[in-house]
Amino acid sequence: MKLAYWPGCVSRGFTTELHGSMALVADRIGIELVTLDRANCCGAGVIAEHNQELADTLNARTFALAQKTGLGMMNICSTCQGAQSECQQRLDADSQYRAHINEALADEGIEYVKDNDDWENKNFLWVLVEDYGLDQLKAKVTRPLSGLRVGPFYGCYVIRPKHRLGYEEHPERDLYLEQVIETLGGEVVEYDGARKCCGFPVITMNRDTSLRQAGTHIADALDQGADCLVTPCPLCHLNLDMQQPEAAKVVNRDLGLAVLHLPQLVGLALGFEPKQLGMGRHIASTEWVGERLAGVPA
Amino acid sequence: MSAEPETRAEEQGGSTAPQEQYTLKVRRFKPDSGEGPYWQEFEVELDPTLSVLDGLLQAKDREDGSLSVRCSCRAAICGSCGVKINGQSTLACLTQIGEAHEFANRRPDEDGEGEPKPVVVEPMGNMPVLKDLVTDMESTHWTKIRRVTPWLLDDGDPPERERVVPPESMVDITQTIACIQCGACVSACLSMEADPDFIGPAALAKAYRFVGDPRDVETRERLWDLAQDPHGIYDCTHCFACVDACPKGVAPMDQIMRLRRAAGHDEEIKDKNNGHNHEAAFVNIIEKKGTLDESLLLQESYAPGVAGKLIPKPSALKGLLGSIPTAIRGLRSGKMRSLPKLIPGIHPKLPGDAQEHVKHIYEHAEEHREEVNLYITGEEDVVPEPDEEELSQPEVSTGPKENE
């Protein structure tokens, strides 16, 4: 399997361990990634707040660069998925608008084409379940995550709004994290926050609202006995992990729950060591996860 | 109203309609009992295509007449029967019981051999419960709606006849006018869960109904008010929960984003919540770098132009200082281990001439600033895209072709 790869901004900024672990995992399971190093930020919904056409054109450019490779496109960020799907929906809905947007791409010699050979932009989570397949993934597991209690945390943009994110064809997209956790041999922890918001989008506008959301979900997961959370969204990771000590102050209780990026969780089951997967770079200690798995030979 | 559900089932499906057994697990609360809320299960039997509301009314009719649920039209018009079904805020009359049952049983049972899971019905969230599934719409929903001055503020001089506006300008606010005040979006709102003072999706959608109305003369004042309020437009966490919950396609979050565009871009309102600063910083960074420089975003969101000798506002300084412990932890853990990630502005540009192309996109988009509202335009391509041959043809005349 070969895909055009959009790593996003945060995986090359504050969460390099995500970009690094994705590279290791892709190589191990045989997914060849062609990085779109000329592509630009998705706008994270913020640029669309300023100027919708600008956000649509920026993402049309990324799609066009991906289509030029002749490959399907993969992202590793729920927020990229959501912001890009939103723009793609508008681009696909109106041929005149699409032509107008493509005018701005012409000087680079690229064009976004609707339904181009069934071209799709998919988060790694979707690729893993829909294209790679859970059976094939299971066959690659060398260290089942036996006994590891994992709370899924999706990030809003990869599951909502339902009318935009392909649920007609893939109705279980909001269950994939549970399916992956189980495929890797882990145990799913059911808790209230799995499909709620981490609060990151308002961290600079209303810090209390933002951190209260993160802190509440972490506390819920701890109360249900989670050893760690797993998320396909690096922005959720920023609020759940990097801001965890601050969130603890807002919800007024001790937290301390490891938050893994999706490729890190997959990587552990493929036999990589926590250190290789950059788990030492988190704010909330991931040592407990390593200890839980230490008994299971890689 | 006894036996009504059965009658309705017969009406819709005839006597041959398949009757299925369902379990409704209802969160109940009796205010006079002195007890807290509790769960009660009801066995109901009805056609899978009938609604959860039909199921509730059957339970009320056959098992417990004290079960309270608010309802009226049963056709998703009146907006009375807002509840949470399997955790999703919606209308009970709009949700088929068969589908709700399937949704409740999407995940395989843990031991693989248990009974099917019940359809869970709860009162709406983010508002007080009066009794069982009946919530107090007044203290939360209506109070917040009134907060946004939900009436037209005109120039004071009544026209001789009606105020005439071009129809296309009213099309723009059609989407918000579709609201039936059911409260499902308020129930689903994840910002309000964390901040009960948040004005919320229903009221802010209503606010856009007047901000977007060409007859209203206080557009800037409305936007100023909603932007400066710490619980206003910049308190929305952009989670899409209200978009999924709304039974009428109002997409409240989309309206909140339009309010932000109008406040920040059109009116250039510099709010004290850093909303506009954050947005402007983000937009500027991508224009210069192509990808996000997180350190610069943090600095510019709180204290724009601090590098250019402007003095940050006290509120911004507080935010900036508040983020310092996080930055120090990041340094220690190695998360921000390399200098370029910590120092604002050192983040690299895109390779080659890519940044020039991004800049060009900015110029192109700022010139037009088109918006597409799919609620109005629909999602189908009505006009098929012309293929290249057609495009290369000269202007087509409507007359007969020469060889005809």
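Residues numbered from 1 in each chain as written. Chains lettered and ligands numbered in written order. Predicted model: local features only at pLDDT ≥ 70, side-chain atom pairs only at ≥ 80, totals over all residues. Heavy atoms only, no water.

Time to look at the packing of helix H6 (residues 124-132) of chain A against helix H8 (residues 176-183) of chain A. Residue and element names in this part refer to chain A. Relative orientation of the contacting elements H6 and H8 amounts to 65°, with a least axis distance of 10 Å. Taken as axis vectors, H6 and H8 run roughly perpendicular relative to one another. Here H6 runs over H8; the crossing is left-handed. Along its contact with H6, which presents Leu125, Trp126, Leu128, Val129 and Glu130, the element H8 presents Tyr176, Leu177, Gln179 and Val180. Across the contact of H6 with H8, the residue classes tally to seven nonpolar, one polar and one charged. (Axes fitted to C-alpha atoms, helices over the stretch in contact; angles between N-to-C directions. Helix = DSSP H or I, 4+ residues; strand = E, 2+ residues; numbered from the N terminus. Parallel < 35°, antiparallel > 145°, perpendicular 65-115°, else oblique. Left-handed = near helix turned anticlockwise from the far one by under 90°. Contact = heavy atoms within 4.5 Å. Nonpolar A, V, L, I, M, F, W, Y, C, P; charged D, E, K, R; others polar.)

Tracing the backbone shows Asp47 of chain B in the loop between strand S2 (38-46) and helix H2 (52-62). Only 2.7 Å separates the side chain of Asp47 of chain B from the side chain of Thr49 of chain B, close enough to count as a polar contact. (Polar contact = N/O pair within 3.5 Å; in protein donor to acceptor, adjacent residues only side chain to side chain.)

Under the counting rule described, the total for this entry stands at four aromatic pairs over all chains. Each ring, one from Tyr112 of chain A and one from Trp119 of chain A, has its centre 6.2 Å from the other, and the planes form 70°; the classification is edge-to-face. Under the relative-accessibility criterion, Tyr112 of chain A is labelled buried at 2%. For Trp119 of chain A, a relative accessible area of 9% translates into the label buried. Counting every residue linked through ring pairs, the aromatic cluster contains Phe63, Tyr112 and Trp119 of chain A. Of note, Lys25 of chain B hangs over the ring of Trp39 of chain B, and the distance from its end group to the ring centre comes to 5.0 Å. (Phe/Tyr/Trp six-rings, centres within 6.5 Å; stacked < 30°, edge-to-face > 60°. Buried < 20%, exposed > 50% of the residue type's maximum accessible area, 1.4 Å probe, protein only. Lys NZ or Arg CZ within 6 Å of the ring centre and 35° of its normal.)

This next bit is on the interface of chain A and chain B. Opposite the 85 residues of chain A that make contact, chain B presents 75 residues. Summing the contributions of chain A and of chain B, the shared interface buries around 7,100 Å²; its carbon and sulfur component is 56%. In this assembly, chain A and chain B are joined by five salt bridges. Across the pair Arg106 of chain B and Asp174 of chain A runs a salt bridge whose closest N-O atoms are separated by 2.9 Å. Viewed at the interface, chain B and chain A are joined by 25 residue pairs in polar contact (both at pLDDT 80 or more). Looking at which element gives the most residues to the side of chain A that touches chain B, the answer is helix H3 (residues 52-68) of chain A, with six residues. Residues that form the side of chain A that touches chain B fall into these classes: 31 nonpolar, 23 polar and 31 charged. (Buried area = accessible area lost by both parts, 1.4 Å probe. Salt bridge = Lys/Arg side-chain N within 4 Å of Asp/Glu carboxyl O.)

This paragraph deals with the sheet that holds strand S2 (residues 32-35) of chain A. Residues and elements named next belong to chain A. Spatially, four strands are ordered S2-S1-S3-S4 in an open sheet, and the strand pairing comes out parallel. Every interior strand has two partners, whereas the edge strands, S2 and strand S4 (121-123), have only one. Here the average twist between neighbouring strands, direction ignored, is 40°. Looking at chain direction, strand S1 (residues 2-6) and S2 are connected through four bridges and run parallel. Bridge pairing in S2 links Lys2 to Glu32. Each of S1, strand S3 (73-75) and S4 is contacted by H6, which is oriented at about 95° to S4, the strand it contacts most. (Pairing = 2+ DSSP bridges.)

This next bit is on helix H12 (residues 252-266) of chain B. Residues and elements named next belong to chain B. Here H12 spans 20 Å end to end across 15 residues, near enough to the 21 Å set by a 1.5 Å rise per residue. For H12, the buried fraction is high: 12 of the 15 residues fall into the buried class. Listed as buried for H12 are Pro252, Met253, Gln255, Ile256, Met257, Arg258, Leu259, Arg260, Arg261, Ala262, Ala263 and Gly264. After H12 finishes, the residue Glu268 shows a positive phi value of roughly 50°. (Expected span 1.5 Å × (residues − 1).)

All names here are of chain B. What you see with strand S5 (residues 119-122) is a clean split: Val119 and Val121 sit on the buried side and Val120 and Glu122 on the side with no burial. With three bridges connecting them, strand S1 (residues 20-28) and S5 associate as parallel partners. Its bridge partner being in S5, Val26 is matched across the sheet by Val121. The pairing of strand S3 (residues 82-85) with S5 spans two bridges and is classified as antiparallel. The partner of Lys84 across the bridge, within S5, is Glu122.

It is worth spelling out a negative patch on the surface at this point. Together, Asp115, Asp117, Asp118, Glu168 and Glu169 of chain A give the surface a local cluster of negative charge. Tracing the backbone shows Asp117 of chain A in the loop between helix H5 (95-103) and S4. (Patch = residues over 30% accessible without salt bridge, like charges linked within 9 Å, V, L, I, M, F, W, Y side chains within 5 Å. Areas by Shrake-Rupley, 256 points an atom, 1.4 Å probe, with all protein chains shown as cover. Lys, Arg positive; Asp, Glu negative; His and termini not counted. Charge placed at Lys NZ, Arg CZ, Asp CG, Glu CD.)

All names here are of chain B. Per-residue pLDDT for chain B averages 86, and the proportion of residues at 70 or more is 80%. pLDDT under 50 marks residues 1-10. Its contacts with residues more than four places away, or in other chains, come to 15 contacts. Confidence estimates for the predicted assembly give a pTM of 0.91 and an ipTM of 0.95. (pLDDT = per-residue confidence, 0-100.)

Moving on: the sheet that holds S5 of chain B. All names here are of chain B. Strand order in the open sheet made by the five strands is S2-S1-S5-S3-S4, with mixed pairing throughout. Every other strand in the sheet has two partners, leaving S2 and strand S4 (88-91) as the edge strands with one partner each. Each neighbouring strand pair of the sheet contributes to a mean axis angle of 35°, computed without reference to strand direction. Lying on the sheet, H2 is in contact with S1, S2, S3 and S5; it crosses S2 at an angle near 105°.

A few words now on empty space enclosed by the protein. Residue and element names in this part refer to chain B. Taken as a whole and assessed by the stated rule, the structure comprises five cavities of 30 Å³ or more. Quantified by volume, the largest cavity comes out at close to 110 Å³. If you trace the largest cavity, you find 16 residues lining it, with Cys179, Gln181, Cys182, Cys185 and Cys246 closest to the centre. At the level of secondary structure, the elements contributing two or more residues to the lining of the largest cavity comprise helix H7 (184-188) and helix H9 (201-211). Considering each element in turn, the lining of the largest cavity owes the most residues, three residues, to H9. (1 Å grid on protein atoms, 1.4 Å probe; cavity = no way out; pocket = protein on both sides within 12 Å on 5 of 7 lines; lining within 4 Å. Points joined across faces, edges and corners; volume = space filled by probe spheres on them.)

Before going further, it helps to spend a moment on the pattern of salt bridges. Tallied over the entire structure, the rule returns 40 salt bridges over all chains. Salt-bridge contacts for Glu193 of chain B lead to Lys196 of chain A; the nearest nitrogen and oxygen are separated by 3.0 Å. A residue pair is termed interchain when its members come from two chains, as with Glu193 of chain B in helix H8 (residues 190-194) and Lys196 of chain A in the loop between strand S6 (187-188) and helix H9 (207-223). On the accessibility criterion, Lys196 of chain A (18% relative accessible area) is buried.

Turning to its location among the elements, Ser33 of chain B is positioned in the loop between S1 and S2. Polar contacts involving the side chain of Ser33 of chain B include one to the main-chain carbonyl oxygen of Lys30 of chain B, which spans 2.8 Å.

What follows is about the nonpolar core. Of all hydrophobic cores here, the largest spans 78 residues; its most connected members are Ile47 and Leu240 of chain A together with Phe282 of chain B. The element contributing the most residues to this core is H3 of chain A, with eight residues. Here Phe282 of chain B is in contact with Cys41, Gly43, Ala44, Val46 and Ile47 of chain A together with Leu292 and Leu297 of chain B, once residues within four sequence places are set aside. (Core = buried A, V, L, I, M, F, W, Y, C linked by side-chain atoms within 4.5 Å.)

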